[in-house]
Amino acid sequence: MPTKRVELGKQHVEEALAAAKDRTYTSGNPLVFVHVREDGLQLRVQGGSANWYVRYNGKTKSIGKVTTEPTVTKAIAAAVERGRHVRALLERGDDPTRYLQSLKVEGDHGAALADSDSQKARAAGAWTWSDLRTAYRDRYLSQPKKNKAGDIKPPSPRTLQDFDRYTSTPAHKEMLDDVLVRDMTAGLIEDVRDAVQKTNGMNGGRKAVQWVSAAMTWGQKKHSGKTGLGVGYPWWTAVSPDHVPGTRKRYLSLEQIAKVLYAAEKYRQMPYRKQAKPATDAVLAGLWWIVLSAQRTSASMSLLSSRIIPDVENPGWLIAAFPAEDMKSKRYHALPIPPRMTLLFDRAKIGVERQTAWAFPSAKVRRAGSQEVEDIHVHDSTVGQLIDRLRGKDDVARKLKAEDEELVKAGQPPSGRVYDLLEGVPEFSPHDLRRSLATILTNMKVRGDAASAVLDHSSKTPGEQEFQEADITRLVYNQSQRLPLKAEAMTIWTDAVFAAVETEWKANRPATEQPSSVRSPVRPPSRGTVERVRDERQRCLFTDAGPWYLYFKGSATEQTGPSSLGLGGLRRAMQDSDELEAAD
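Residues numbered from 1 in each chain as written. Predicted model: local features only at pLDDT ≥ 70, side-chain atom pairs only at ≥ 80, totals over all residues. Heavy atoms only, no water.

1. Looking at the overall build of the protein chain
Here comes step 1: What the protein chain contains, in helices and strands, is 21 helices and ten strands.
Here comes step 2: Each of the 584 residues in the protein chain was classed as buried or not, and the buried ones make up 46%.
Here comes step 3: In the protein chain, 64% of the contacts between residues at least 6 apart in sequence involve partners at least 24 apart.
Here comes step 4: With an accessible surface of roughly 30000 Å², the protein chain has 50% of that area assigned to carbon and sulfur atoms. (Helix = DSSP H or I, 4+ residues; strand = E, 2+ residues; numbered from the N terminus. Buried < 20%, exposed > 50% of the residue type's maximum accessible area, 1.4 Å probe, protein only. Contact = heavy atoms within 4.5 Å. Areas by Shrake-Rupley, 256 points an atom, 1.4 Å probe, with all protein chains shown as cover.)

Structure representation (structure tokens):
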């Protein structure tokens with residue numbers, strides 16, 4: 001085997017390529033040029049091929065074919081650099097195969113070395129983003145936590161829902177899930193952010209960045225080895241969310257709230273909408289409940305009937321108990337409910353032909369994509385979707401509105417279709433109704449701490465106890481709940497809302513149908529009314545005469561208890577009607 005120890009140059013490369021072309025040497029008797037200035041680097045000719053090799057510790061590794069591209073000098077320099085990297089990998093016991101494969105694709109030594117390191121880390125169990133996301137959710141977000149006062153706070157279902165939504169988007173699955181945490185970059189997170197903005201809006205992109213940052217900060221602190229984040233500067237905290245939500249100051253006046261409730265009742269089956277089915281009584285009752293209770297939608301719609309108990313100190317009143325895990329404050333919260341407001345729970349169950357545990361049961365019994373029958377409550381987002389439909393914010397309404405705009409541009413009259421049923425009412429969300437209560441009660445000179453107590457904004461009171469499902473009755477009367485203060489605010493607030501609602505109905509009532517007093521005692525429903533209700537699956541039918549609760553209540557002026565016709569009275573009236581029909 002002819003071996004030549006030389007400082008490799010152009011002439012040696014040309015000699016090697018000529019020998020390969022002529023097949024002068026065989027695999028058993030190759031031509032070898034050993035580069036005297038680069039330890040282990042060789043040029044070998046065997047049969048019809050000429051290749052670069054690195055020899056280390058008795059083993060020889062091929063690192064690429066000999067070429068003259070782009071020039072012989074540059075080809076030699078590239079082989080020298082590649083040989084140095086391969087020898088370094090061999091010296092530390094790593095297989096250089098992945099590096100060489102990546103270099104062939106990427107053409108960049110740094111990227112190829114990083115890829116080689118990543119493969120080694122992956123084989124050793126390093127975490128991908130998907131691994132970190134699961135660990136952060138299961139080991140941190142899902143676990144109870146102790147605050148500075150030493151109290152144990154349960155995990156928040158709302159927080160988990162938010163985390164799942166903004167860390168499992170198609171953009172995450174496509175671009176991030178299989179990437180090692182150690183290989184994540186600011187540019188990659190920004191790409192995910194931008195993709196999420198297109199599908200989930202600017203706020204969705206912001207949350208995607210914030211959750212990635214929170215998970216990586218936890219991963220560096222708790223699992224620096226598996227994440228590969230070490231103890232260096234947390235660069236991910238500097239990635240811009242590209243959106244900073246402004247401080248919301250939106251709220252509705254009493255008159256505007258009444259307009260919303262009137263429109264929701266009158267147009268429960270809305271024209272020119274994608275959703276053709278009418279809103280259920282549970283959904284409409286949910287809207288009224290959010291207005292009157294001013295509680296967050298998540299806690300409101302997931303209220304269990306078992307957590308609603310009579311107020312033994314105030315006949316006709318009820319008390320709703322919210323466990324700490326349902327509250328943003330992570331405190332147990334009790335809310336007194338005035339008599340007229342208690343009728344919402346009767347209304348919410350109209351048309352529900354099953355035993356249900358929920359105060360606001362959904363008409364659906366199967367979740368999307370599932371065949372399993374479940375007892376489901378009205379979803380948190382449903383009331384917001386109802387408001388959006390009243391606004392005409394769906395594909396069908398938008399398309400029809402665009403057609404009308406084209407008619408106007410062409411000089412033709414529009415169709416006359418009404419899209420925004422809340423015209424004149426500013427944009428708002430269900431959450432803004434909480435701000436309405438606080439603002440309006442403040443303007444009415446109600447004690448500030450009364451509104452705060454209703455909204456559960458108050459600070460922790462000494463003696464406060466954690467929620468226990470089996471002992472609701474004792475806990476609702478705990479002094480820390482300040483029920484008298486809350487009841488004062490709830491009375492003033494609900495009376496103001498009901499007064500505004502009745503004024504709105506009166507303003508929209510045809511002159512020929514003006515009754516002498518909408519506060520007159522309501523007589524049992526006529527046979528015609530019973531038949532209409534039965535045809536509508538016992539729904540509360542809209543009437544210009546007044547809002548629905550006047551037909552449930554014996555007298556709107558009584559406040560000691562709900563002298564209520566209720567569902568029982570309605571059903572009895574229907575039975576009487578059936579008996580009359582049988583007699584005929």
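Text resumes after the structure shown.
2. A short note on the packing of aromatic side chains
Here comes step 1: Within this structure, the stated rule accounts for 16 aromatic pairs.
Here comes step 2: Relative to Tyr549, the ring of Trp548 has its centre 6.0 Å away and its plane inclined at 85°; by these criteria the two rings are edge-to-face.
Here comes step 3: Look at Tyr549 and you get buried, because its relative accessible area is 0%.
Here comes step 4: Through pairs of rings, three or more aromatic residues link up here, namely Tyr136, Tyr140, Phe163, Trp211 and Trp218.
Here comes step 5: Geometry around Tyr53 places Arg44 over its ring, the cationic atom sitting 5.5 Å from the centre.
Here comes step 6: Across the ring face of Tyr140, the terminal group of Lys145 is positioned such that the distance to the ring centre comes to 4.6 Å. (Phe/Tyr/Trp six-rings, centres within 6.5 Å; stacked < 30°, edge-to-face > 60°. Lys NZ or Arg CZ within 6 Å of the ring centre and 35° of its normal.)

3. Some remarks on the sheet that holds strand β5 (residues 59–65)
Here comes step 1: Sheet architecture is open: five strands sit in the order β1-β2-β3-β4-β5, paired in mixed fashion. The open sheet has two edge strands with one neighbour each: β1 (3–6) and β5. If you compare each strand with its neighbour and ignore which way they point, the axes differ by 30° on average.
Here comes step 2: Relative to strand β3 (residues 41–46), helix α1 (residues 10–22) is tilted by about 25°, and along the sheet it contacts β1, β2 (31–35), β3 and β4 (49–56).
Here comes step 3: Here helix α2 (residues 72–91) sits on the sheet in contact with β2, β3, β4 and β5, set at roughly 35° to β4. (Pairing = 2+ DSSP bridges. Axes fitted to C-alpha atoms, helices over the stretch in contact; angles between N-to-C directions.)

4. Notes on the sheet that holds strand β10 (residues 333–337)
Here comes step 1: Strand order across the open sheet formed by three strands is β8-β9-β10, with antiparallel pairing between neighbours. Looking at strand neighbours, the two that pair on one side only are β8 (308–310) and β10, the edges of this open sheet. Averaged over neighbouring strand pairs, the angle between their axes works out to 25° when direction is ignored.
Here comes step 2: In this structure, β8 lies alongside strand β9 (residues 318–322), joined through three bridges in antiparallel fashion. Bridge pairing in β9 places Ile309 opposite Ile319.
Here comes step 3: Each of β8, β9 and β10 touches helix α13 (residues 339–348); the most contacted strand, β10, lies at about 105° to it.

5. Some words on the pairing of β1
Here comes step 1: Here β1 pairs with β2 via four bridges, running parallel. From the neighbouring strand, Lys4 faces β2, where its bridge partner is Phe33.
Here comes step 2: Each parallel crossover has a hand, and for β1 linked through α1 to β2 it is right-handed. (Right-handed = clockwise from strand over helix to strand, strands pointing away.)

6. Overview of the environment of Thr297
Here comes step 1: Note on placement: Thr297 falls in helix α12 (residues 297–301).
Here comes step 2: Given a relative accessible area of 16%, Thr297 falls into the buried group.
Here comes step 3: When the C-alpha atoms of Thr297 and His379 are compared, they prove to be 8.8 Å apart, with 82 residues separating the residues in sequence.
Here comes step 4: Those residues in contact with Thr297, other than ones at most four positions away along the chain, are Arg158, Ile290, Asp380 and Pro430.

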